[in-house]
Amino acid sequence: MVMNVKGYAALAVKEDLVPHSFVRRDPREDDVVIDILYSGVCHSDIHNAYNDWGSAKYPMVPGHEIIGRVVHVGKSVTKFAVGDLAGVGCMVDSCQHCSACKQGLEQYCEEGNTLTYNDIDRHDGLPTFGGYSDKIVVTEKFVVKVPEGIDLRGAAPLLCAGITTWSPLRHWQVGEGSKVAVVGLGGLGHMAIKLANALGAEVTLFTRSPGKEADARRLGASHVVLSTDPEQMKAAANQFDLIIDTVPYVHDLNPYIPTLALSGTLVLVGYLGALDPFLNTVPLILGRKSVAGSVIGGIAETQEMLDFCGQHGITADVEVINIQDINNAWQRMLKSDVKYRFVIDIASLK
Ligand SMILES: NC(=O)c1ccc[n+]([C@@H]2O[C@H](COP(=O)([O-])OP(=O)(O)OC[C@H]3O[C@@H](n4cnc5c(N)ncnc54)[C@H](OP(=O)(O)O)[C@@H]3O)[C@@H](O)[C@H]2O)c1
Ligand SMILES: [Zn+2]
Ligand SMILES: [Zn+2]
């Protein structure tokens, strides 16, 4: 059985995405086949397609915030039945035996996890293609259950933006009484505000965009600091237990370190690469502060986050688009003009 799939792909670096038909693998015994309903648009899709990380493979079908319905299950599948709602995030496989995988932290697989797109399947060596398409085939281990009753369009971004901010909030044990700051109000930033707020933290947004202040408060921030105003930055000194920094490009971390409380941590989830300017270690040493990094989250943790969002009625604030509008959506994201996640209605592909 050949599975013909319709999608949108980047065929070369920095070129517009175009309609693209391709073939997915025959489902294996442990696979589920998902008819994709909604696919979120992450800034990582742009980084990948623009080869910002030096690993682009074309044609590239981006998309790793996938919500759909199961239309086929392999013989050994136990978790899903045909008709179930299902979610797929940034990874579709891992080695399953290294120390990270054994802890349920497949995102840190020592042999490298298999990414949902722009990667190579570890069993058959075929390229992986993402959610800007109408069907996907994934081993059930990397598929999560989507709570019934949740708004499916707003749920798609939970699969990356949600879990990427949930994982550090949980790892650094954010709860009642914690003070959390978020740098950048985009897809990840707005989920970080909602999730930290729901966990009981007092939340502050650092933004370069004065126009986003009212939205930040509506999303759950108690304070908004304009990061371009040195006076406001000074007034925020010694406050935060955790800062989640979602900025996608190189930027100066030095102004944020003094705003950490004693023993506080700034965790980078956005920019991948060398820092410029260099980080001054003085406030780190004198305040026992940390700078850390974090990537997405494990499968069990993703399920925990989805269940939490189901219980608390949390979804992303989305602008639903037809896939034909994807290039315009990317241009708007590059201008920090998204409120606060684009989600593709995959019905527009049919
Ligand atoms: N670690 C992981 O597992 C993981 C997972 C998903 C995504 N990511 C990465 O996280 C980053 C954010 O993704 P996203 O989808 O949330 O992006 P996004 O929706 O484009 O939001 C990024 C926000 O950062 C701020 N910003 C943008 N450019 C900036 C600059 N040059 N200097 C300072 N602030 C800037 C803007 O907020 P203001 O207007 O409020 O300043 C913007 O809205 C991307 O790099 C993405 O690749 C990482
Ligand atoms: Zn992402
Ligand atoms: Zn592993």
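Remember, predicted model here, so these are calculated numbers, not experimental data.

Sorry if this is basic, but what is going on with the coordination of the zinc ion (ligand 3) here?
Protein coordination at the zinc ion (ligand 3) comes from Cys 95 (SG), Cys 98 (SG), Cys 101 (SG) and Cys 109 (SG), with a distance range of 2.3 to 2.4 Å. Note that the zinc ion (ligand 3) binds four donor atoms; their angles at the metal cover 104 to 120°, and the shape is tetrahedral.

Honestly, a nonpolar patch on the surface in this entry has me stumped. Any pointers?
Taken together, the side chains of Val 282, Ile 285 and Leu 286 define a hydrophobic patch exposed on the protein surface, amounting to about 350 Å² of accessible area. With respect to the secondary-structure elements, Ile 285 resides in helix α8 (residues 282-286).

I keep staring at the packing of aromatic side chains and nothing clicks. Help me out?
Both the distance between ring centres and the angle between the ring planes are used here to describe each pair of aromatic rings. Taken as a whole and assessed by the stated rule, the structure comprises six aromatic pairs. Measuring from centroid to centroid gives 6.1 Å for Tyr 50 and Trp 330, while their planes differ by 70°, and the two rings are edge-to-face. Of the two residues, Tyr 50 sits in the loop between α1 (43-49) and β4 (66-73) while Trp 330 sits in helix α10 (residues 326-334), which places them 280 residues apart along the sequence. Aromatic pair Trp 166 and Phe 308: ring centres 4.7 Å apart, planes at 45°, arrangement tilted. Here the residue Trp 166 occupies a position in helix α4 (residues 161-171), and Phe 308 occupies one in helix α9 (residues 299-312), the gap between them amounting to 142 residues. Clustering of aromatic rings is evident, with ring pairs tying together Tyr 50, Tyr 132 and Trp 330. Of note, Lys 145 hangs over the ring of Phe 80, and the distance from its end group to the ring centre comes to 4.7 Å.

What is the right way to read the nonpolar core from this model?
One recurring pattern in soluble globular proteins: nonpolar side chains tend to sit buried together. Ranked by size, the top nonpolar core spans 95 residues in total, and within it Tyr 132, Leu 169, Ile 193, Ile 326 and Trp 330 carry the most contacts. Formed by 15 residues, the second largest nonpolar core is a distinct cluster that contains Phe 206, Phe 240, Leu 268 and Leu 284.

What's the story with the pattern of salt bridges in this structure? I'm lost.
Considering all chains together, one arrives at 13 salt bridges under this definition. Where Arg 28 meets Asp 121, a salt bridge forms, and the shortest distance between an N and an O atom there is 3.2 Å. One end of the pair, Arg 28, is in the loop between β2 (18-24) and β3 (31-41); the other, Asp 121, is in the loop between β7 (114-115) and β8 (135-139), and 93 residues separate them in sequence. The residue Arg 332 makes a salt bridge to Asp 337 at a minimum N-O spacing of 2.9 Å. Residue Arg 332 is classed as partly exposed on the basis of its relative accessible area, which comes to 22%.

I'm lost on α10 in this one. Help?
Residues spaced three or four apart along an α-helix point in a common direction, a consequence of the helix completing one turn every 3.6 residues. Turning to α10, its buried residues number three or more, namely Ile 326, Asn 327, Ala 329, Trp 330 and Met 333. Looking straight down α10, one finds that the buried residues subtend no more than 160° of arc, so they occupy a single side. Close packing links the buried residues of α10 with β1 (3-9), β3, α1, β16 (318-322) and β17 (341-345). Just downstream of α10 lies Ser 336, where phi reads positive at about 55°.

Please explain unusual backbone geometry as it appears in this structure.
Trans is the common state for peptide bonds, and a negative phi is the common state for residues other than glycine. Going from Tyr 58 to Pro 59, the amide bond is cis rather than trans, its omega being -5°. Here the residue pair Asp 276 and Pro 277 is connected by a cis peptide bond, since its omega of 0° sits within 30 degrees of zero. Secondary-structure assignment places Pro 277 in the loop between β14 (260-268) and α8. With a phi close to 60°, Asn 238 is a non-glycine residue in the positive phi region. Positionally, Asn 238 belongs in the loop between α7 (230-235) and β13 (240-245). Positive phi, normally seen in glycine, also occurs at Ser 336, with a value near 55°. Take Ser 336: it is sitting in the loop between α10 and β17.

What counts as what
Residues numbered from 1 in each chain as written. Chains lettered and ligands numbered in written order. Predicted model: local features only at pLDDT ≥ 70, side-chain atom pairs only at ≥ 80, totals over all residues. Heavy atoms only, no water. Donors = N, O, S within 2.8 Å, 3.2 Å for Na, K, Ca; no water. Tetrahedral: all angles 85-135°; square planar, octahedral: opposite > 155°, others 65-115°. Patch = residues over 30% accessible without salt bridge, like charges linked within 9 Å, V, L, I, M, F, W, Y side chains within 5 Å. Areas by Shrake-Rupley, 256 points an atom, 1.4 Å probe, with all protein chains shown as cover. Salt bridge = Lys/Arg side-chain N within 4 Å of Asp/Glu carboxyl O. Helix = DSSP H or I, 4+ residues; strand = E, 2+ residues; numbered from the N terminus. Phe/Tyr/Trp six-rings, centres within 6.5 Å; stacked < 30°, edge-to-face > 60°. Lys NZ or Arg CZ within 6 Å of the ring centre and 35° of its normal. Core = buried A, V, L, I, M, F, W, Y, C linked by side-chain atoms within 4.5 Å. Buried < 20%, exposed > 50% of the residue type's maximum accessible area, 1.4 Å probe, protein only. Arc of directions from axis to C-beta. Contact = heavy atoms within 4.5 Å.

Any functional reading would require information beyond the geometric quantities listed.
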